[in-house]
2 protein chains.
Amino acid sequence: MQIDPSPLAEPFPQMPDISGVTVRTARAGYRDWERADLTLVELAEGTSVAGVFTQSACPSSEVEIGRAQLSRGTARALIVNAGNSNAFTGYRGREAVEQIMDQVAEALKCKRDEVFVSSTGVIGVPLPKDKARAGVAAVISAPSVSWEEAANTIATTDTFAKGATASAMVGDTRIEVSAIVKGSGMIAPDMATMLGYLFTDAAVEPAFLQSVLSAANARSFSCITVDSDTSTSDTVLAFATGKAGNAPLSSFDDPGADAFAAAINDVCLQLAKLVVKDGEGAQKFIEVAVTGAQSDESARRIGLSIANSPLVKTAIAGEDANWGRVVMAVGKAGEPADRDRLSIGFGGIWAARDGQPVPDYDEAPVARHLSGKEVTIEVDLGIGSGRAKVWTCDLTHGYISINADYRS
Amino acid sequence: MQIDPSPLAEPFPQMPDISGVTVRTARAGYRDWERADLTLVELAEGTSVAGVFTQSACPSSEVEIGRAQLSRGTARALIVNAGNSNAFTGYRGREAVEQIMDQVAEALKCKRDEVFVSSTGVIGVPLPKDKARAGVAAVISAPSVSWEEAANTIATTDTFAKGATASAMVGDTRIEVSAIVKGSGMIAPDMATMLGYLFTDAAVEPAFLQSVLSAANARSFSCITVDSDTSTSDTVLAFATGKAGNAPLSSFDDPGADAFAAAINDVCLQLAKLVVKDGEGAQKFIEVAVTGAQSDESARRIGLSIANSPLVKTAIAGEDANWGRVVMAVGKAGEPADRDRLSIGFGGIWAARDGQPVPDYDEAPVARHLSGKEVTIEVDLGIGSGRAKVWTCDLTHGYISINADYRS
């Protein structure tokens, strides 16, 4: 099935090379695609790594192994297989991952535990070892490629390549972050994007990198949803080569640590929004801004209840300022709420305040807002100071067409 | 928008009159429908009542008031308004309900707290008091109508009238249960159907009626879902007139109590399945049978995670035996699971066992099963003896068409 690019697609940004990072691609032939499907990222010695993974109780071998590898704190290579997720494939799936780790470690002369592997695509088919072996052999000697080429190679059902970049001053040193992500459906917290990779030349201790990434994830990938479904393979990894030469960051007390964290936050938020903009069938990008909740976490949960509601998402698809469905979604969230203090708006205009429709409510400017590609829903609970923003897309015929026909 | 009857529609059953119950309908004109929209059910003196309501934190005034009324344990009348849910209408909505209660209580010479009121339809528009007053005046002197007429009158977006009946021997006395329900979307636990009413001529103490209804609800209305969305008005009420003349039931130690409870269970399950069969856009009825879970409740939650997954529901719509999506839905349920013990089947045929695809899996009979109107998904967790069944429908273009255009 040919799928048009999302109407919300963004052009791929200009992204700097990261010192200590080399990206290569090859064709392993996991599927009958006429394109590269295997990505190798070589990382300089001493590269720190941090990661967050799906909370699925049935994760892939890649996720299980990757989670264990993180304790080492260093990485030398990343392999991404596209077209086969290798999930739910038992010991044969695990063997394929270990074969790849061994093969790459031997070629790069590093430890096997420093080779991270991700796979994305069909569930339930063991990654074919022969194709993986030939693909890895080819990619190791392949020429280096651009970030955009890499973003295209890790993609599966994505309709456009997704990347983001940011920089920061750490002391007197300018550090860069370049990152790519893939994912367009099966996107939901608590680990939202399918596969995302951040690369920076900053010198960062692994434990601090982990705390920065975890915090950034909580306000980005954990705040987006396409269809409430969660992949068995969701993974975000951050790699810091240290080639920029700054004094290594180990805590927020270090000069420049805040700027570094801000750059990571920025990149994660950009990537997360790009994933939503490639949501299957998405025609509109929706921001749900929740204020006045009992706590920030309560606000996030209420926002996700709204963002996951099929009735809210179809209303936005229909450009209908149906605040009654938003009330419904607040009510079912299982979070503290008081019907008679609840206010709901669209595009900055309140439709209902304190539990009742606004008497002189004028739907015309709201209708204009809803006819655009970017829609905001404002919800004020009126009971506290908790706040959160959550992002999603509308639910359209396109989603049904893609998912009732595509064999994942 | 004209909507065709669901392809899963069932004919309205032959349902006996219930002694002590009289049903009347009238047209209040809440919407511009050319049909009756107000239902009055008169109940004999001494009628016991029990109820379960939406768990929404933003319920309608009808739900708030009804919940409080239950403590009395007796009922003399039920009023159902169709076309306006009166939800999210503040004090004006509450005043409208109280006006109806007063008017009916005066006409029937009963206590105001014995008049139960439900409303269903658009959110956010206060129930118009003048229309309600004239409608109630008309319905009190209206002729009695059939169960099917009543089922049609309480309906809104339903595409067919829904009723169920059962009988039981309580001692030497045959008791009857007749019940109607409305609901076709915004259907999800923990209170699934929008409005359901059970009527029996059995003599039952209110507290026991409540425990029987709550237990039946837990295995029926709380085990169905159409779109994971929960109404602000969901209500199920059971009324027992006592006119059958049996010795009043007050506990499961009483003769016939088990048979009575079985009849209530049976009716609740029939009604719940009918609601799913009228799910918005439904083309297929799906039963998810979960076994081997850590507990029955864990099995129910896993079942609902599968039944609420847009990716599973679109796969069934596409007649695709996509067990990978079922794995995903099990994984995201947040319940104990072991990937390597998980088995998944369709129509009684295992596609994956113990965490791996079945080697000689023949998809042909599964494809035949999925081409039918009633589909089963079997999931065995392999870690305990907990089990549950959950019912839902597929997710189709019809759902999008209905909800992106219909102003609820």
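(A) Expanded view of the packing of helix H5 (residues 206–218) of chain B against helix H6 (residues 257–277) of chain B. Residue and element names in this part refer to chain B. With their axes 9 Å apart at the nearest point, H5 and H6 run at an angle of 40° to one another. Here H5 is positioned oblique relative to H6, judged by the angle of their axes. In this structure, the crossing between H5 and H6 has a hand that is right-handed. Only Ala-261, Ile-264, Asn-265 and Cys-268 of H6 make contact with H5, whose side of the interface consists of Val-212, Leu-213, Ala-216 and Asn-217. In the contact of H5 with H6, the residues fall into six nonpolar, two polar and no charged.

(B) Expanded view of the relation of the copies chain B and chain A. It takes a turn of 180° to lay chain B on chain A, together with a shift of 0.0 Å along the axis; the resulting RMSD is 0.0 Å. Such a combination of turn and shift is consistent with a two-fold rotation axis. Across chain B, the rotation axis passes nearest the C-alpha of His-397 of chain B, at a separation of 2.9 Å. When the interface residues of chain B are mapped onto chain A, 100% of them again lie at the interface, so the same face is used by both copies.

(C) Representation of the nonpolar core in the model. Of all hydrophobic cores here, the largest spans 271 residues; its most connected members are Ile-264 and Val-330 of chain A together with Ile-264 and Val-330 of chain B. What Val-330 of chain A contacts, discounting residues up to four positions off in sequence, is Ile-302, Ser-305, Ile-306, Ala-337, Leu-342 and Val-379 of chain A together with Cys-58 of chain B.

(D) Spotlight on the domain arrangement of chain A. Residue and element names in this part refer to chain A. Looking at chain A, the domain boundaries give domain 1 (21–277) and domain 2 (285–405). Averaged C-alpha coordinates put domain 1 and domain 2 at centres separated by 33 Å. In this complex, domain 1 contributes eleven residues to the contact, which on the side of domain 2 involves twelve residues. Its residues assigned to classes, the side of domain 1 that touches domain 2 shows six nonpolar, three polar and two charged.

(E) Summary view of the sheet that holds strand E10 (residues 343–346) of chain A. Residues and elements named next belong to chain A. Read from one edge to the other, the open sheet built from six strands follows the order E12-E11-E10-E13-E9-E14, with strand pairing classed as mixed. Pairing within the sheet leaves two strands with one partner each, and these edge strands are strand E12 (356–357) and strand E14 (386–393). Bridge count between E10 and strand E13 (residues 374–380): four bridges; the pairing is antiparallel. What sits directly across from Ile-344, in E13, is Val-379. On top of the sheet, helix H6 (residues 257–277) reaches strand E9 (285–293) and E14; it is set at about 40° to E14, its chief contact.

(F) Expanded view of the sheet that holds strand E10 (residues 343–346) of chain B. All names here are of chain B. Ordered in space as E12-E11-E10-E13-E9-E14, the six strands form an open sheet in which the pairing is mixed. Strands at the two margins of the open sheet, each flanked by one partner only, are strand E12 (356–357) and strand E14 (386–393). Against the sheet, helix H7 (residues 296–307) touches strand E9 (285–293), strand E13 (374–380) and E14, its axis set at about 25° to E14.

(G) Summary view of the packing of helix H2 (residues 90–108) of chain A against helix H3 (residues 129–140) of chain A. All names here are of chain A. Packing of H2 against H3 leaves a shortest axis separation of 10 Å and a crossing angle of 25°. The pairing of H2 with H3 is recorded here as roughly parallel in orientation. In terms of crossing hand, the pair formed by H2 and H3 is right-handed. Residues Ala-96, Gln-99, Ile-100, Gln-103, Val-104 and Ala-107 of H2 form the contact with H3, whose participating residues are Lys-129, Ala-132, Arg-133, Val-136 and Ile-140. Counted by class, the contact of H2 with H3 contains seven nonpolar, two polar and two charged residues.

(H) Representation of unusual backbone geometry within the structure. Positive phi, close to 55°, is recorded for Glu-319 of chain A, a residue that is not glycine. Inspection of the secondary structure assignment puts Glu-319 of chain A in the loop between helix H8 (310–317) and helix H9 (323–331).

(I) Focus on helix H9 (residues 323–331) of chain B. For H9 of chain B, the tally of buried residues reaches nine of nine residues, placing the bulk of the element in the interior. Of all the positions in H9 of chain B, only Trp-323, Gly-324, Arg-325, Val-326, Val-327, Met-328, Ala-329, Val-330 and Gly-331 of chain B are classed as buried. Looking at the buried residues of H9 of chain B, the elements they touch are strand E4 (115–122) of chain A together with H7, helix H8 (310–317), E10, strand E11 (349–353) and E13 of chain B.

(J) Just the environment of Val-80 of chain B, in detail. Residues and elements named next belong to chain B. Structurally, the position occupied by Val-80 is in strand E3 (residues 74–84). The exposure class of Val-80 is buried, given the 25 C-beta atoms found within 10 Å. Expressed as a C-alpha distance, the spacing of Val-80 and Val-41, which sit 39 residues apart in the sequence, is 8.6 Å. Look past the residues within four positions of Val-80 in its chain and what remains in contact with it is Thr-39, Ser-118, Ile-154 and Leu-195.

Cut-off values and rules
Residues numbered from 1 in each chain as written. Chains lettered and ligands numbered in written order. Predicted model: local features only at pLDDT ≥ 70, side-chain atom pairs only at ≥ 80, totals over all residues. Axes fitted to C-alpha atoms, helices over the stretch in contact; angles between N-to-C directions. Helix = DSSP H or I, 4+ residues; strand = E, 2+ residues; numbered from the N terminus. Parallel < 35°, antiparallel > 145°, perpendicular 65-115°, else oblique. Left-handed = near helix turned anticlockwise from the far one by under 90°. Contact = placed C-beta atoms within 7 Å. Nonpolar A, V, L, I, M, F, W, Y, C, P; charged D, E, K, R; others polar. Least-squares fit on C-alpha atoms with pLDDT ≥ 70 in both. Core = buried A, V, L, I, M, F, W, Y, C linked by C-beta atoms within 7 Å. Buried ≥ 20, exposed ≤ 12 C-beta atoms within 10 Å, placed from the backbone. Domains from an automatic or database assignment. Pairing = 2+ DSSP bridges.

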